[in-house]
Amino acid sequence: MIDLFSGLDAWVIVSLTLALTFVLAFEFINGFHDTANAVATVIYTKAMPPHLAVFFSGVFNFLGVLLGGVGVAYAIVHLLPVELLINVNTGHGLAMVFSLLAAAITWNLGTWYFGIPASSSHTLIGSILGVGLANALISDIPLGDGVNWQKAIDIAMSLVLSPMAGFAVAALVLIGLKWWRPLSKMHKTPDQRRKLDDKKHPPFWNRLVLVISAMGVSFVHGSNDGQKGIGLIMLVLIGIVPAKFVLDLNSTTYQIERTRDATLHLSQFYQRNAATLGEFLALGKAQASDLPEQFSCNPQQTEPTIAALQSSLAGVTDYRALSAEKRVEVRRYLLCLDDTAKKVGKLPGLQAREKADLEKLRKDLTATTEYAPFWVIVAVALALGLGTMVGWKRVVLTVGEKIGKQGMTYAQGMSAQITAACAIGMANVFSLPVSTTHVLSSGVAGTMVANKSGLQGGTVKTILLAWVLTLPATMGLAAGLFWLATKAIG
């Protein structure tokens, strides 16, 4: 990070500082929403004092971000089409970043102010989709090419199905607990515990499970939502100072060799499957010299792209030895080859074993482009933790008392938290972004229904309305801001 600003013009330094500040502000506000959900149950049930809960939640969020990898981060980044990612320049990058961040922050602040457990994931994804579609309109390209729709569909399915699963599974877990121990004190609310037993805290074992599951939610939240912030910062860095971040300059000679070998093996893979892929990739019909001056990612240009990449990486043992322009060029080739390989993997006719080999090659291709510097990870983790400590109260009250018609019991809190931790953990395994807010809130709602407590219609309607409106509202806002920004710099 020390040389981040070295050699940059003053206006680029100011822009970069503002953009990074915006991203960390988004993650800080994310703490109001999502990390607050991670500690809402444990605070409401008085299993932990608020100051300890938010402190340990911050610690586990940090560990989650630190150990979570970057799979979810780049799932978010690749919502944007590969053409936009490979042809980004400083001015365009600034417009893109500030538009989507301004839209996301505006919506997050508004829903937080009214205490609505809205989804930062929906907010961010809607903003990215808005920028992608606006870029398509401005650039006169088909709307179908403005967004990576396959990735968008995958993410949409995870965002839609995870709350439903949270509702059903949490309800089943509570029913199981009631069947197992129908007379247990864990089925009391904090108020009932205080009035009937004259005790402030949950029974020991219930308290322990509540604390452990809350920290589990914090950990998986950090590894999922924290990665969204990492992805945003990488978009900022690649868009504004591409020479320093389009490739991982700390890549070892071995990693670079793996990348180079992956291109060779990819070429061999395509030749081996020429009968199936020959027409789609125009194998044997294009030469390296056929690549257009203004590079465009086209499956029909796969062979020339592989040849150009191998030429660019010939003899390279350190990415720092490449010129700034060459680094950008190498990244373009790598992203394009990965994007084409992804499309090839979905074509009919390829055997399952061949598809598995292709997935391994894709991982080697992107090993030095899908990364995040350690300082980025630490900055995002700190922003999340600080946001939790400032803004948790509004959401805690909503989750604890305003979803159901009566307060939450200890068993309900355990059921909702265990379900949320498992659901988000599974999403992390498959590199899918999900909403901590919606998974936990729907889990609480499921336990209220299973407990025959009933739901508060007003609160549920408000949460559902925010869930429905978030995507179109943020898409429209981000698209409008991006259009204005491109006109201003154009």
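Structure first, text after, so check above.
Residues numbered from 1 in each chain as written. Predicted model: local features only at pLDDT ≥ 70, side-chain atom pairs only at ≥ 80, totals over all residues. Heavy atoms only, no water.

Q: It is not clear to me how the overall build of the chain should be interpreted in this structure. Could you clarify?
A: From N to C terminus, the chain includes 19 helices and zero strands. Sequence-distant contacts, at least 24 apart, represent 83% of the contacts inside the chain between residues at least 6 apart. Put simply, the chain shows about 20500 Å² of open surface, and 64% of that area lies on carbon and sulfur atoms. (Helix = DSSP H or I, 4+ residues; strand = E, 2+ residues; numbered from the N terminus. Contact = heavy atoms within 4.5 Å. Areas by Shrake-Rupley, 256 points an atom, 1.4 Å probe, with all protein chains shown as cover.)

Q: Honestly, the packing of aromatic side chains in this entry has me stumped. Any pointers?
A: In this description, a pair of aromatic rings is defined by centroid distance and the angle of the planes. Following the criterion strictly, the structure yields four aromatic pairs and no others. For the pair Phe 55 and Phe 56, a centre-to-centre distance of 5.2 Å together with 75° between the ring planes defines the contact as edge-to-face. For Phe 56, a relative accessible area of 33% gives the class partly exposed. Between Phe 269 and Tyr 270, the aromatic rings sit 5.8 Å apart at their centres with planes inclined by 70°, giving edge-to-face as the arrangement. For the pair Phe 269 and Tyr 270, one class covers both residues: buried. Cation over ring: Arg 181 sits above Trp 180, and NZ or CZ is 5.5 Å from the ring centre. (Phe/Tyr/Trp six-rings, centres within 6.5 Å; stacked < 30°, edge-to-face > 60°. Buried < 20%, exposed > 50% of the residue type's maximum accessible area, 1.4 Å probe, protein only. Lys NZ or Arg CZ within 6 Å of the ring centre and 35° of its normal.)

Q: Would you mind going over the side chain of Ser 213 with me for this structure?
A: Within the fold, Ser 213 resides in helix 9 (residues 204-240). The residues contacting Ser 213, other than those within four sequence positions of it, are Gln 417, Ile 418 and Ala 421.

Q: Quick question: what am I supposed to make of the packing of helix 2 (residues 50-67) against helix 9 here?
A: Helix-helix packing is described using two parameters, namely the angle between the two axes and the distance between the axes. One can describe the packing of helix 2 onto helix 9 by two numbers: an axis separation of 7 Å at closest approach and a directional angle of 55°. In terms of their interaxial angle, helix 2 and helix 9 are classed as oblique. Taken as a pair, helix 2 and helix 9 cross one another with a handedness that is right-handed. Residue-level inspection shows Ala 53, Phe 56, Ser 57, Phe 60, Asn 61, Leu 63, Gly 64, Val 65 and Leu 67 of helix 2 in contact with helix 9, the latter providing Met 215, Ser 218, Phe 219, His 221, Gly 222, Ser 223, Gly 226 and Ile 230. In the contact of helix 2 with helix 9, the residues fall into nine nonpolar, eight polar and no charged. (Axes fitted to C-alpha atoms, helices over the stretch in contact; angles between N-to-C directions. Parallel < 35°, antiparallel > 145°, perpendicular 65-115°, else oblique. Left-handed = near helix turned anticlockwise from the far one by under 90°. Nonpolar A, V, L, I, M, F, W, Y, C, P; charged D, E, K, R; others polar.)

Q: I would appreciate a short explanation of the pattern of salt bridges in the present structure.
A: Two side chains with opposite charge may pair up if their charged atoms get near one another. In this structure the tally under the stated criterion is 11 salt bridges. For Arg 194, the salt bridge identified is with Asp 191, shortest N-O distance 2.8 Å. With Arg 194 and Asp 191 both in helix 8 (residues 190-197) and three residues apart, this pair spans about one turn of that helix. By relative accessible area, Arg 194 is classed as partly exposed at 38%. Look at Asp 191 and you get partly exposed, because its relative accessible area is 37%. Note that Asp 225 is salt-bridged to Lys 228, the shortest N-O span being 2.7 Å. Here Asp 225 pairs with Lys 228, and both are found in helix 9, just three residues apart, close to one helical turn. Given a relative accessible area of 0%, Asp 225 falls into the buried group. (Salt bridge = Lys/Arg side-chain N within 4 Å of Asp/Glu carboxyl O.)

Q: I would appreciate a short explanation of the side chain of Ser 223 in the present structure.
A: Among the structural elements, Ser 223 can be located in helix 9. A polar side-chain atom of Ser 223 sits 3.0 Å from the main-chain carbonyl oxygen of Val 220. Those residues within four positions of Ser 223 in sequence are excluded, and the remaining contacts are Gly 64, Val 65, Gly 68 and Asn 428. (Polar contact = N/O pair within 3.5 Å; in protein donor to acceptor, adjacent residues only side chain to side chain.)

Q: Sorry, what's going on with empty space enclosed by the protein here?
A: The rolling of a water-molecule-sized probe over the atoms marks out the regions of remaining empty space. Taken as a whole, this structure holds three cavities of 30 Å³ or more when the rule is applied. Every residue lining the largest cavity is listed: His 78, Leu 80, Pro 81, Val 82, Leu 85, Asn 148, Leu 335, Asp 338, Asp 339 and Lys 342. Listed by contribution, the elements that provide at least two residues to the lining of the largest cavity are helix 4 (82-86) and helix 14 (324-345). Considering each element in turn, the lining of the largest cavity owes the most residues, four residues, to helix 14. Split by residue class, the lining of the largest cavity holds five nonpolar, two polar and three charged. (1 Å grid on protein atoms, 1.4 Å probe; cavity = no way out; pocket = protein on both sides within 12 Å on 5 of 7 lines; lining within 4 Å. Points joined across faces, edges and corners; volume = space filled by probe spheres on them.)

Q: Please explain helix 15 (residues 352-365) as it appears in this structure.
A: Residues lying three or four places apart along an α-helix face the same way, a consequence of the helix completing one turn every 3.6 residues. Between its first and last C-alpha atoms helix 15 spans 20 Å; for 14 residues at 1.5 Å apiece the expected length is 20 Å, and the two agree. Within helix 15, burial applies to Glu 354, Leu 358, Leu 361, Arg 362, Asp 364 and Leu 365. Relative to the axis of helix 15, the buried residues are bounded by an arc of 160° and lie together on one face. For helix 15, exposure combined with an orientation more than 90 degrees from the buried face picks out Ala 352, Arg 353, Lys 360 and Lys 363. (Expected span 1.5 Å × (residues − 1). Arc of directions from axis to C-beta.)

Q: It is not clear to me how the environment of Ala 450 should be interpreted in this structure. Could you clarify?
A: Tracing the backbone through its elements, the reader meets Ala 450 in helix 18 (residues 436-450). The spatial distance from the C-alpha of Ala 450 to the C-alpha of Ala 170 is 8.7 Å, given a sequence separation of 280 residues. In contact with Ala 450, not counting residues within four places along its chain, are Ala 171, Leu 174 and Ile 175.

Q: Explain the state of the cysteines to me, please; I cannot follow it from the model alone.
A: One way to say it: the disulfide is the covalent bond shared by the sulfur atoms of two cysteines. Tallied over the full model, the rule gives one disulfide. Residue Cys 297 pairs covalently with Cys 336 via a disulfide, S to S 2.1 Å. In this structure the cystine formed by Cys 297 and Cys 336 twists about its S-S bond by roughly 90°; its chirality is therefore right-handed. Taken together, the residues span a long stretch of sequence, with Cys 297 in the loop between helix 12 (274-281) and helix 13 (302-313) and Cys 336 in helix 14 at a distance of 39 residues. Assigned by exposure class, Cys 297 and Cys 336 land together as buried. (Disulfide = S-S within 2.5 Å.)

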